[in-house]
Amino acid sequence: MKKFFVAAAILGSALCANAEESFAPEAGTVSTEIQFTPFKSDGESFNMTALQARWFFTSKDALIVELGLSGSNDKEVANTEKSEAFIKDYKGRFVLNLGYQRHFYNYKRIDLYAGGKIGYIHDFAGHKNQTNDDNWTWNNSGTGNGFNIYLTTGIDFYVYKGLYLGAEINLGMTDVLTTNTTYKTCVGGTESETKTKIGGHSFSGGFDVNPRLRLGWSF
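Attention here is on the structure that accompanies the text. These figures come from a predicted structure and were not determined experimentally. (Residues numbered from 1 in each chain as written. Predicted model: local features only at pLDDT ≥ 70, side-chain atom pairs only at ≥ 80, totals over all residues. Heavy atoms only, no water.)

Some thoughts on the pattern of salt bridges
Point 1. Here the structure, examined in full by the defined rule, presents six salt bridges.
Point 2. When the shortest N-O distance is used, the salt bridge between Lys117 and Glu66 registers 3.1 Å. Of this pair, Lys117 sits in strand E5 (residues 110-132) while Glu66 sits in strand E3 (residues 61-77), placing them 51 residues apart in sequence.
Point 3. A relative accessible area of 7% means that Lys117 is categorised as buried.
Point 4. The class for Glu66 is buried, based on a relative accessible area of 6%.
Point 5. Note that Arg93 and Asp123 form a salt bridge whose closest N and O atoms lie 2.6 Å from each other. Here Arg93, found in strand E4 (residues 86-107), pairs with Asp123, found in strand E5; they are 30 residues apart in sequence, far enough to count as distant.
Point 6. With relative accessibility at 30%, the residue Arg93 sits in the partly exposed group.
Point 7. We classify Asp123 as buried; its relative accessible area is 14%. (Salt bridge = Lys/Arg side-chain N within 4 Å of Asp/Glu carboxyl O. Helix = DSSP H or I, 4+ residues; strand = E, 2+ residues; numbered from the N terminus. Buried < 20%, exposed > 50% of the residue type's maximum accessible area, 1.4 Å probe, protein only.)

What follows is the structure, given as structure tokens:
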């Protein structure tokens, strides 16, 4: 009987310690996370949106670095075995964000935060139409540079200490300025190049509430 009570006391102590275990980040904690778009309008799912690193310089305050890269590359080849003819289109976007988060509320496994981020955007694009190695045209129409700025609020749910899922809502704007376009032509093996100054920009703003699954690790 005595052994039973001793075992029960040990088990009870372990359960109490586990129940009181803090899942809140501490000063010096570093976390990395992967952000996914669960569903896309084209029917594809789990498209990776961004990578993020986060450093807590206090138990409530964190600096973030966020890296995003997306793009597509399409190539149409002439329907002959030895043909050198093709049409190729590619485009994409590179984003680098820096930001700050204030983690203002933590209860058991729930962690709420708010903050902001600002970043650099580079859009890249290209179009090539080739008849053979000595005859082709190329341009980079669609290339641009810009920035974004967002206020953010989000939630982290700690599945286990050091492992969390989360969601985030952003309110802000993105503005990308069109850069000069380069046109290259090759005729009979002789290349020429022309640069054209193009103005304009692409602006968007408002709530960014795309559903995102955030999977992160803290250490």
